[in-house]
Amino acid sequence: MIDEQQLEEKLQRVSFATLGHFLESGFVSHVIRSQLTDVKVIGRARTLKVVNADAFAVNHALVDLKEGDVLVIEMQGDHQHACVGTVTSCAASAKGARAIIVDGVVTDILELRAAGLPIFARGTSLLTTKLRSDPASAQNVEIRCGGVSVMPGDWVLGDDNGLLITSAQALEAVIDIALASDAAEPALLERMKNGEPVEQVLRLLT
């Protein structure tokens, strides 16, 4: 078993798309995409379920964030009310969060891009959450995000290509073979660029 620090060091080096060769579950729907460019996120999920456009629930979650967290928000199918904007991004950064992911929409997109905290969402909206509280909202519970079940503490991996949210155990099982695959790729590319027949190079992969 790899400890958390060792696993994170390996995750820093691996191509997340390579993990897609060896895993099948945990991949968040492509409709939830990075709202910034040139991002790479590695962190642990802090989950939040927002009910009835409850802005207070988001504020409470921001206060409770720990350094290294990725705030993952389920909006219960509400894809109209934006729960993330300039203030949310600034507060999350101040708490040391590494990203915010929302199965819904965000606002203040220009300001979010200028701030630089990675944000993943379905899109943008002018309609926002309201300054009210709903007792059905909850932190640190199992949620759904883009078709994936997310538990508090799951690893969150994200870049411009998409998102993977899964357990440490799932990553430990494939991280070394994924790194080996990444290490082998430059030589394969070089052989094809140097004129070796493609069918000969690709046949060696089977």
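Below is a summary of the structure that appears in this document.

Reading the values: rules and limits
Residues numbered from 1 in each chain as written. Predicted model: local features only at pLDDT ≥ 70, side-chain atom pairs only at ≥ 80, totals over all residues. Heavy atoms only, no water. Helix = DSSP H or I, 4+ residues; strand = E, 2+ residues; numbered from the N terminus. Buried < 20%, exposed > 50% of the residue type's maximum accessible area, 1.4 Å probe, protein only. Contact = heavy atoms within 4.5 Å. Areas by Shrake-Rupley, 256 points an atom, 1.4 Å probe, with all protein chains shown as cover. Lys, Arg positive; Asp, Glu negative; His and termini not counted. Charge placed at Lys NZ, Arg CZ, Asp CG, Glu CD. Arc of directions from axis to C-beta. Phe/Tyr/Trp six-rings, centres within 6.5 Å; stacked < 30°, edge-to-face > 60°. Lys NZ or Arg CZ within 6 Å of the ring centre and 35° of its normal. Core = buried A, V, L, I, M, F, W, Y, C linked by side-chain atoms within 4.5 Å. Salt bridge = Lys/Arg side-chain N within 4 Å of Asp/Glu carboxyl O. Polar contact = N/O pair within 3.5 Å; in protein donor to acceptor, adjacent residues only side chain to side chain.

The next point concerns the overall build of the protein. A count of helical and extended segments in the protein gives seven helices and twelve strands. Counting all 206 residues of the protein, 48% fall into the buried class. Of all intrachain contacts in the protein linking residues separated by at least 6 positions in sequence, the fraction that spans at least 24 positions is 75%. Of the roughly 10,500 Å² of accessible surface on the protein, 53% is carried by carbon and sulfur atoms. Looking at the protein, you have 18 positive and 27 negative side-chain charges, and the mean spots of the two groups are 2 Å apart.

Assignment of secondary structure puts A45 in strand β2 (residues 40-49). A45 sits 54 residues away from A99 along the chain, and the two C-alpha atoms are 9.6 Å apart. Residues contacting A45, with those up to four places away along its chain left out, are V70, V72, V150, M151, P152, G153, D154 and V156.

With that settled, the discussion passes to helix α4 (residues 86-94). Those residues of α4 not exposed but buried are T88, S89 and A92. Taken end-on, α4 shows its buried residues confined to a sector of 95°, consistent with a single buried face. Opposite the buried face of α4, by more than 90 degrees, sit the exposed residues V87, C90 and A94. Looking at the buried residues of α4, the elements they touch are α3 (55-64), β4 (99-103) and α5 (109-115).

The next subject is the packing of aromatic side chains. Applying the stated criterion to the full structure yields zero aromatic pairs. Over the face of the ring belonging to F16 we find K40, whose NZ or CZ atom lies 4.8 Å from the ring centre.

Judged by nonpolar contacts, the single largest core of 39 residues is most densely connected at V72, I73 and I101. Contributing elements (two or more residues each) for this core: β2, α3, β3 (69-74), β4, β6 (119-121), β9 (143-145), β10 (148-150) and β12 (162-166). The contact partners of I73, leaving out residues within four places of it in the chain, are L48, V50, C83, V84, I100, I101, V102, D103 and I143. Of all hydrophobic cores here, the second largest spans 17 residues; its members include V14, L19, A168 and L171.

For the rest of this paragraph, the subject is the pattern of salt bridges. A side chain of one charge can pair with a side chain of the opposite charge if their charged atoms are brought near each other. Here the structure, examined in full by the defined rule, presents seven salt bridges. Linking R191 and E196 is a salt bridge whose minimum nitrogen-to-oxygen distance equals 2.7 Å. When its relative accessible area of 24% is taken as the criterion, R191 is described as partly exposed.

Looking now at unusual backbone geometry. Note: most peptide bonds trans; most residues except glycine with negative phi. Even without being glycine, N52 reaches a positive phi, approximately 60°. Note that N52 resides in the loop between β2 and α3. The class of N52 is partly exposed, set by a relative accessible area of 47%. Phi at N140 takes a positive value of approximately 50°, unusual for a residue other than glycine. Structurally, the position occupied by N140 is in the loop between β8 (138-139) and β9.

Moving on: the side chain of Q35. Mapped onto the elements, Q35 comes out in the loop between β1 (33-34) and β2. A distance of 3.2 Å separates the side chain of Q35 from the backbone oxygen of A121, its partner in a polar contact. Not counting the four nearest positions on each side in its chain, Q35 is found in contact with V106, I109, R113, I119, A121, G123 and T124.

Along the chain, the position of T47 falls in strand β2. From its side chain, T47 meets the backbone oxygen of V141 in a polar contact 2.7 Å long. In this structure, T47 is in contact with V72, A138, Q139, N140, V141, I143, V150, M151 and P152, ignoring residues within four places of it in sequence.

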